[in-house]
Amino acid sequence: MRSNSPRVLVTGGAGFIGSHLCDRLLRLGHTVVCADNFCTGRRENLASLLPEPRFHLVEADVVHPLDIPGPVDWVFHLASPASPADYFRLPLETLRTGSAGTDNVLALARAKGARFLLASTSEVYGDPLEHPQPESYLGNVSTIGPRSVYDEAKRYAEAITMAYHRTHGVDVAIARIFNTFGPRMRMDDGRVVPTFIAQALAGRPFTINGTGKQTRSLCYVADMVAALIALMRSGQRGPVNLGSTQEMAVLDIAELVAAETGRPVRHTYHPLGQDDPERRRPVIDLARRLLGWAPATSIPDGIAATVAWFREKE
Ligand code: NAD
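The numbering scheme is per chain: residues are counted from 1 as the chain's sequence reads. A pLDDT threshold of at least 70 governs which residues receive local features in this predicted model, and a stricter bar of 80 or more applies before side-chain atom pairs are shown or counted, although totals over entire chains, interfaces and linings include all residues. Hydrogen atoms and water are omitted, and side-chain values are computed over all heavy atoms in the structure.

Details of helix α7 (residues 250-261)
Cut-off, in case you're wondering: Every helix listed is a DSSP run of H or I at least four residues long, and every strand listed is a run of E at least two residues long, numbered separately from the N terminus. Multiplying 1.5 Å by the helix residue count minus one yields the expected span of that helix. Only protein chains enter the accessibility calculation, which uses a 1.4 Å probe. A residue is then buried if its area is under 20% of the maximum for its type, exposed if over 50%, and partly exposed in between. By arc we mean the arc of the directions from the helix axis to the C-beta atoms, nothing more. In what follows, a contact means two residues having at least one pair of non-hydrogen atoms within 4.5 Å.
Here α7 contains 12 residues, and its C-alpha end-to-end distance of 17 Å stays within 8% of the 16 Å for a straight helix at 1.5 Å per residue. Considered for burial, the residues of α7 that qualify are V250, L251, I253, A254, V257, A258 and T261. Here the buried residues of α7 occupy an arc of 155° about the axis, which is enough to place them on one side. Tucked into the core, α7 has its buried residues touching α5 (192-201), β8 (206-209), β9 (215-217), β12 (247-249), β13 (267-270) and α9 (299-313). Count one or two residues on from α7 and you reach G262, which has phi positive near 70°.

What follows is the structure, given as C-alpha cells:
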C-alpha cells in the first residue's frame, strides 16, 4: 500500500450501490476513480461527487482493457447490469461484462498490485434447495433460463477471480450480495422496493407476481456499503454472504410502502417470472465473525429514507 489512504477504483461506480460506495470512500478520505459505461448507471448519481478533486470519472466499458493512469490500491468491481429488467434487456452485455469484463479488471488489479473485491450475488445460489443459504451451498441454477445470463456470468466471475488468485497470486475477495435497496434505485428497474414506491406515489395498485408470499431479505444500502468496505479492509477472501437475515413476504413489503406513503393497499396479481426464486435468506455468520458486521438499519427506516428520496425526485 502506497499511503495510509488507498487510491480506489470502483467499476460500476455510477450505479445504485457503486455511487453510494464512491460517496462513502470519498468521505473516508480516499481518492476514487469511477469507471462506468452508463448502461444502467446515471450521471446524476455522481452529481455531488464530480466537483470533488479526489474524484475522477472514467467513461469506459470494462469489456475492453482498462487504462487507469497512476497507482491503484483497491479495486471494487461492481460493473454489471443487476436488476432482472436490465439483464433481460442486455443479455449478451451482461455475460460479456461478467466474463471478459471481470478478466480485464482482474488483469488491471494484477498489474497495479491492487486488492480486488468482486461484487457477486445471491443469484449464484439460483432457486435454492437449501434454506437459508450458507456460503458452502453450491446452488440450484438453470444454465439456460432467462436469468442464466446474470447467474452464470457471476458464477464465472467468481471462478476467474479465484483463478487469478491461484495462478497470479492476486489478493482477492468475493462478496455475495443479497437484495439491497435504498435511494438512487431507478423507479423502472423492476426490483420490488422501487416498483412499489413508484406505484404508490402514482396512486396505482401494487403489481404482485405470484401469490406475493414469496420472500425477500432486504438490506439497506448504507449497511451494504459498510460491509463491502469492511471486507476490503479485512484481507479475507470469502466468499462472504452480505445481506439481511430478516425475511419478508412481498405482500408485507407492499404494506410497509403503503403505510409509509399513506396510500391504500391495492393489488393486481400477475404470473411469477420464470426461475424467480421463492425464498432467499443469507446465513451471515461468516460476515458477523470475520467482519464484525450485521445490518444496522431497520427495514421500515430504510423504506422511509427511500420513499423520502423518491418523493424529492417527483
Ligand atoms: P446498477 O445497475 O445500479 O449498477 C451497475 C453499474 O455498472 C451501472 O452504473 C452500469 O452502468 C455499470 N456497468 C454495467 N456494465 C458495465 C460495463 N461493461 N462497463 C462499465 N460499467 C458497467 O446495479 P447495482 O444494484 O448498483 O449493483 C451493483 C453490483 O452489485 C452489481 O455487480 C450487482 O450484480 C451486485 N449486486 C447488487 C444487488 C442489489 O440488490 N442491488 C444484489 C446482488 C448483487
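Back to the text.
Digging into the packing of helix α3 (residues 91-112) against helix α4 (residues 148-168)
We count it as follows: Axis definition: a line fit to C-alpha positions, over the contact stretch in the case of helices; interaxial angles, taken between N-to-C directions, run 0 to 180 degrees. Here the word oblique covers every angle except those under 35 degrees (roughly parallel), over 145 (roughly antiparallel) and from 65 to 115 (roughly perpendicular). The handedness criterion is simple: a crossing whose near helix is rotated anticlockwise from the far helix by less than a right angle is left-handed, and one whose near helix is rotated clockwise is right-handed.
Running from N to C, α3 and α4 cross one another at 15°; their axes reach a closest spacing of 9 Å. For the element pair α3 / α4, the angle class is roughly parallel. Considering only the axes of α3 and α4, their crossing is right-handed. Contacts from P91, T94, L95, G98, S99, T102, D103, L106, A107 and R110 of α3 reach α4 at V149, Y150, A153, Y156, A157, I160, T161, Y164 and H168.

Observations regarding the pattern of salt bridges
Where we set the bar: Each reported salt bridge corresponds to a side-chain nitrogen of Lys or Arg within 4 Å of a carboxyl oxygen of Asp or Glu.
Under the counting rule described, the total for this entry stands at 14 salt bridges. The salt bridge partner of R89 is D86, with a shortest N-O separation of 3.0 Å. Of this pair, R89 and D86 are both found in helix α2 (residues 84-89), three residues apart, which corresponds to roughly one turn of the helix. For R89, a relative accessible area of 48% gives the class partly exposed. We note a salt bridge from R176 to E158, for which the minimum N-O separation is 2.7 Å. Taken together, the residues R176 in strand β6 (residues 172-177) and E158 in helix α4 connect sequence positions 18 residues apart.

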